[in-house]
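So the chains spell out like this:
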Amino acid sequence: MNEALSPSAPEAVARPLTFLSPKATSARPPQCWSVAGIQALLDQPFLDLLWQAQAVHRQHWPAGDIELATLLSVKTGGCPENCGYCPQSAQFDTGVAAQKLLPLDEVLAAARAARNAGATRFCMGAAWRAPKERDIEKMAERIAAVKALGLETCATLGMLTPTQAQALKASGLDYYNHNLDTAPEYYQDVVSTRQYQDRLDTLQAVRGAGVKVCCGGIIGMGEAPAHRAGLLAQLANLDPYPESVPINSLVPVPGTPLADSEPIDPLDFVRVIAVARITMPRARVRLSAGRQQLGDAVQALCFLAGANSIFYGDQLLVTGNPEAQDDERLLARLGLRPTATGLTTAAAAV
């Protein structure tokens, strides 16, 4: 059985659980997850699934540890893509105006504020389909400056070439975010201006440059349960799987094609978190967009299911997020401890 799926059972458990592993559900090597195998995990009784996910989580992560990451939109709106969930698309009337790249001093001010509030990772997002070389040069300057503050750096800028990924790595980029969004067979229902392979090619370019991968998806876009299993299979079978896995709950935005999407059962969202933890045991599984709609109780279940990272701050690109004080109160109530910053004295003074 996969080492991540054979935890010692807590003494309080009254009956043994049958842990599902890739080997048990597929003839392929244990590191490969079939869609059917992941669907079997998702279909387990809810409490059994959470118990398994928490057991896997404690094998690989300190109890109570949670990473705080902050996301800043450094270039908002005007994107030529037609992602059906995105208010920054130029093809939809959402009230989001196209803006230029934020000046370096504004980015640094936001990064200092995030660091002082306890964030350890700072992610910069730009609404580009694919950045131009001049964009890469400007972002490299911003990445280097944020890195000098002692923060981990992350960027999400659209599709990259291998050369661009190498330039960002040289500037001090730690992570690159490029989500797969959904299963490959459902992707064209959400986006038609690019192909799924385009996403995979960018991830390959990022890996080739030695940058860590932040890659997840969005739940609640009208997908079938099989599509959720398909997304998780794609993520878990990346070689290696992402170091960070952001799981978003769709925030419907008026003017986008998915504005009228039916909300999913919150417990189904928790199931996705749990299976992400089981199939990618060493990844940071991050609660991302949609936390406001989840509420405290469902977020607590997500942490029990193995989530150990959140986007921290009152804004995610152009959608809302719980206020920092609310997050601090919730984490304190749950006994969760933010990851130590590890800042040097010199960096902290910048």
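Each remark here, short or long, concerns the structure printed above.
Okay, so let's go over this structure. (Residues numbered from 1 in each chain as written. Predicted model: local features only at pLDDT ≥ 70, side-chain atom pairs only at ≥ 80, totals over all residues. Heavy atoms only, no water.)

**Looking at the overall build of the chain**
- Tallying secondary structure elements over the chain gives 12 helices and 12 strands in all.
- Relative to its full complement of 350 residues, the chain shows a buried share of 56%.
- Within the chain, contacts between residues at least 6 apart in sequence are counted, and of these 75% link residues at least 24 apart.
- Accessible area of the chain: about 14700 Å², with a carbon and sulfur share of 54%. (Helix = DSSP H or I, 4+ residues; strand = E, 2+ residues; numbered from the N terminus. Buried < 20%, exposed > 50% of the residue type's maximum accessible area, 1.4 Å probe, protein only. Contact = heavy atoms within 4.5 Å. Areas by Shrake-Rupley, 256 points an atom, 1.4 Å probe, with all protein chains shown as cover.)

**A word on the side chain of N177**
- With respect to the helices and strands, the residue N177 is situated in strand β4 (residues 175–177).
- Residue classification places N177 among the buried positions, given a relative accessible area of 11%.
- Looking at N177, its side chain comes within polar contact range of the side chain of N179, at 3.0 Å.
- Apart from residues no more than four positions distant in its own chain, N177 is found in contact with C154, A155, T156, C214, C215 and P246. (Polar contact = N/O pair within 3.5 Å; in protein donor to acceptor, adjacent residues only side chain to side chain.)

**Some points on helix α4 (residues 104–116)**
- Here α4 contains 13 residues, and its C-alpha end-to-end distance of 18 Å stays within 8% of the 18 Å for a straight helix at 1.5 Å per residue.
- Residues of α4 that are buried include every one of V107, L108, A111, A114 and R115, and no others. Viewed along the axis of α4, the buried residues span an arc of 125°, placing them on a single side of the element. Set apart from the buried face of α4 by more than 90 degrees, the exposed residues are D105 and N116.
- Just downstream of α4, G118 is the residue with a positive phi angle, here 110°. (Expected span 1.5 Å × (residues − 1). Arc of directions from axis to C-beta.)

**As for the environment of H57**
- Topologically, H57 is positioned in helix α3 (residues 46–60).
- Expressed as a C-alpha distance, the spacing of H57 and R282, which sit 225 residues apart in the sequence, is 8.2 Å.
- If we ignore the near neighbours within four places in the chain, the residues touching H57 are R277, G306 and N308.

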